[in-house]
Amino acid sequence: MLAQQIANGIVLGSIYALSALGFTLVFGAARIVNFAYGEILMIGAFFTVALMGALDIDFFVALPVAMVGVAALSAVLFYVALRPVMKSSHTSLQAELQIILVTLGLLYLLREAAVLIWGTAPRPIEMGVDGIVEIGDVVMTTKRLVVVAVMGVLVLGLYLLLYRTRIGKALRAIAQNREGAAAIGLDADRIIAFVFAISGAMACAAGSLLGTLYAVEPAMGGPPLLKAFVIVIFGGLGSVPGAIVGGLAIGLIETLAGAYVSFAFKDVFAFLALIAVLLLRPAGLFGRPAS
Amino acid sequence: MLEVSVLRVAYGPIVALHEVSLSVAAGEIVTVIGANGAGKSTLLKTICGILAPLSGEIHLKGERVSGRRSADIVRRGVALVPEGRHVFPEMTVRENLDLGAYYRRDSGAVAADLERVLTIFPILRERLRQNGGSLSGGQQQMLAIGRAMMSRPELLMLDEPSLGLAPAIVQQLGRIIRELNAAGATILLVEQNARMALRLADRAYVMATGRVVRSGTGAELLADPSVQASYLGGHPAA
């Protein structure tokens with residue numbers, strides 16, 4: 001029973017971690033809280049559904065294509081909607097407030113666009129993977145195992161991107177010290193656009209995987225955004241390991257609390273854990289204290 | 001090397017530089033001194049393309065660079081050691097230095113330059129695998145200078161390098177700036193520590209409230225009573 005719940009928690013936590021990663025990357029590099037992030041995730045899921053339907057292709061073919069598409073969309077949204085605001089404001093407070101409003105505006109724009117294009121009826125995504133895996137006492141659909149595997153692959157890919165490539169190094173530099181990055185001539189706009197693209201791809205993967213477990217609909221972006229918020233504060237704003245550990249931890253806490261205490265109150269336990277972390281480590285598990 | 005003519009720069013409605021003109025010849029050490037808020041940092045940030053001027057022009061080796069992106073200006077041989085050092089705290093010293101050479105493709109020469117930086121700053125060699133944030137203030141300043149040198153600049157601009165450093169380290173810094181200059185780098189040094197800067201400099205400019213108010217050789221300005229009174233902590237004559 002316990003092992004089973006832990007396995008369930010890891011599946012849920014994998015999707016949480018994936019959603020939180022894209023959110024935290026943008027915050028870390030650009031100090032932007034992207035309220036439209038949940039909608040990007042939703043659009044990503046719809047991209048996957050639409051590709052599978054229109055071209056009659058497999059989920060595992062459609063997903064990477066959709067990820068590339070959402071990456072492009074996300075970068076374009078940065079250039080069209082956010083960058084002009086950042087350029088035209090002279091104080092950081094003014095810029096921050098305007099960016100919050102713009103991303104909130106994007107939230108509604110994207111959600112309503114999805115309603116207009118795809119309607120409000122929930123659509124399932126067929127992963128095309130059936131069967132059940134039994135490991136000891138733990139029984140799990142193969143589909144759920146695939147979700148965890150996809151998360152693993154994407155986290156590994158992200159790690160290699162951040163720590164083994166030139167642009168990854170520039171990205172970390174911008175996240176750690178914007179002025180230092182400017183002094184050596186790093187082009188913040190391009191790098192932030194790149195971060196938005198990566199964030200969009202992550203969101204697309206998270207949304208599509210959610211779609212295979214539940215369903216795809218225009219309103220699906222809200223809960224993951226909220227969860228990403230909790231996880232990112234839990235793990236440390238802008239921290240990549242924090243998002244992974246935080247996602248898995250919140251997934252486990254919710255599942256275990258839901259199984260052993262009360263399903264209705266499972267979210268309460270996630271927030272209790274958040275409060276505990278904030279009391280003990282105000283910057284989050286992996287956060288840097290503000291200097 | 002560098003020609004700045006009637007440069008105007010503003011942050012929104014606040015004008016930070018009013019018609020600033022100055023020049024730096026190849027091989028010189030030129031310093032800009034002035035009080036806090038005189039526009040010195042703004043000037044350096046505009047030269048290296050972080051800020052865009054409202055009007056005026058900046059020429060580098062005869063080519064107009066004002067309005068270009070900072071990546072282009074770095075590639076044309078300008079490097080900035082920013083005020084407050086701004087090293088990357090959670091990257092190793094090695095990674096910090098590598099980032100200075102971000103736009104270079106000549107990896108053989110980059111390796112040679114890394115060796116040169118580590119020879120000038122032996123402390124960085126000892127700390128190569130340590131994070132930038134774990135270094136002391138003086139060591140971070142060395143790292144910031146080393147990082148700037150990794151782009152192999154013809155014009156090295158230093159913004160308040162002595163800020164917050166112990167006097168012995170400031171002296172060492174002065175020696176290093178001279179060495180870099182002797183090795184071929186043209187230096188534009190912005191300082192509030194006017195005495196150190198004027199001693200180093202071939203020529204100097206004094207800025208106040210966004211304007212150049214005086215200029216001359218380092219020795220002339222060191223001897224100038226009004227400069228002494230305002231910037232060297234001396235007393236005005238009579």
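Use the structure listed above.
Note that the structure is a prediction, hence the values are computed from the model and not measured.

**Section: the environment of A:Ala206**
All names here are of chain A. Structurally, Ala206 is set in helix α8 (residues 188-213). Classification of Ala206 by C-beta neighbours within 10 Å gives buried; the count is 34. Each C-alpha atom, one on Ala206 and one on Tyr260, is 27 Å from the other, the two residues being 54 residues apart in sequence. Residues in contact with Ala206, not counting those within four places in the same chain, are Ile15, Leu18, Ser19, Leu41 and Pro224.

**Details of the nonpolar core**
Grouped together as the largest cluster of nonpolar side chains are 175 residues, with contacts concentrated most on A:Val70, A:Val195, A:Ala205, B:Met157 and B:Leu189. With 16 residues, the single largest contributor to this core is helix α1 (residues 2-30) of chain A. Setting aside anything within four residues of it in sequence, one finds A:Val195 in contact with A:Leu25, A:Val26, A:Ala29, A:Ala30 and A:Leu171.

**Considering the sheet that holds strand β7 (residues 155-159) of chain B**
All names here are of chain B. Judged by pairing direction, the sheet is mixed, and its six strands sit side by side in the order β6-β7-β8-β3-β9-β10 without closing on themselves. The sheet terminates laterally at β6 (78-81) and β10 (211-217), the two strands that pair on one side only. In this sheet, neighbouring strand axes are inclined to one another by 15 degrees on average, regardless of whether the strands run parallel or antiparallel. Sheet analysis places β7 next to strand β8 (residues 186-191), joined by five bridges and oriented parallel. Bridge pairing in β8 links Asp159 to Val190. With respect to the sheet, helix α1 (residues 40-47) is in contact with β3 (29-34), β6, β7, β8 and β9 (203-208), its orientation differing from that of β7 by roughly 150 degrees. Sheet strands in contact with helix α7 (residues 167-182) are β3, β7 and β8, and its direction is about 155 degrees off that of β8.

**Some thoughts on the packing of α1(A) against helix α10 (residues 240-260) of chain A**
All names here are of chain A. The N-to-C vectors of α1 and α10 enclose an angle of 145 degrees; their axes lie 6 Å apart at closest approach. Note that α1 runs across α10; the crossing there is right-handed. Here the residues of the contact of α1 with α10 sort into 15 nonpolar, ten polar and one charged.

Quick notes on the rules
- In every chain, residue numbers begin from 1 and rise along the written sequence.
- Numbering of ligands from 1 and lettering of chains from A proceed in the order in which they are written.
- pLDDT decides what is reported in this predicted model: residues at 70 or higher carry local features, side-chain atom pairs at 80 or more are listed and counted, and totals for whole chains, interfaces and linings draw on all residues regardless.
- To qualify as a helix, a DSSP run of H or I must reach at least 4 residues; to qualify as a strand, a run of E must reach at least 2; elements of each kind are numbered from the N terminus.
- With C-beta atoms placed from the backbone, the exposure class of a residue follows from how many other C-beta atoms lie within 10 Å of its own: 20 or more, buried; 12 or fewer, exposed; in between, partly exposed.
- For the purpose of contact definition, each residue receives a C-beta atom placed from its backbone, and two residues are in contact when these atoms lie within 7 Å.
- By definition, a nonpolar core groups buried Ala, Val, Leu, Ile, Met, Phe, Trp, Tyr and Cys residues that are joined through C-beta atoms within 7 Å.
- When DSSP locates at least two bridges between a pair of strands, those strands are taken to pair.
- Geometry is summarised by axes, namely lines fitted to C-alpha atoms with helices restricted to the contacting stretch, and by angles between N-to-C directions that run from 0 to 180 degrees.
- The crossing is said to be left-handed when, going from far helix to near helix, the turn is anticlockwise and less than a right angle, and right-handed when the turn is clockwise.
- In this classification, the charged set is Asp, Glu, Lys and Arg, the nonpolar set is Ala, Val, Leu, Ile, Met, Phe, Trp, Tyr, Cys and Pro, and all remaining amino acids, among them Gly, are polar.

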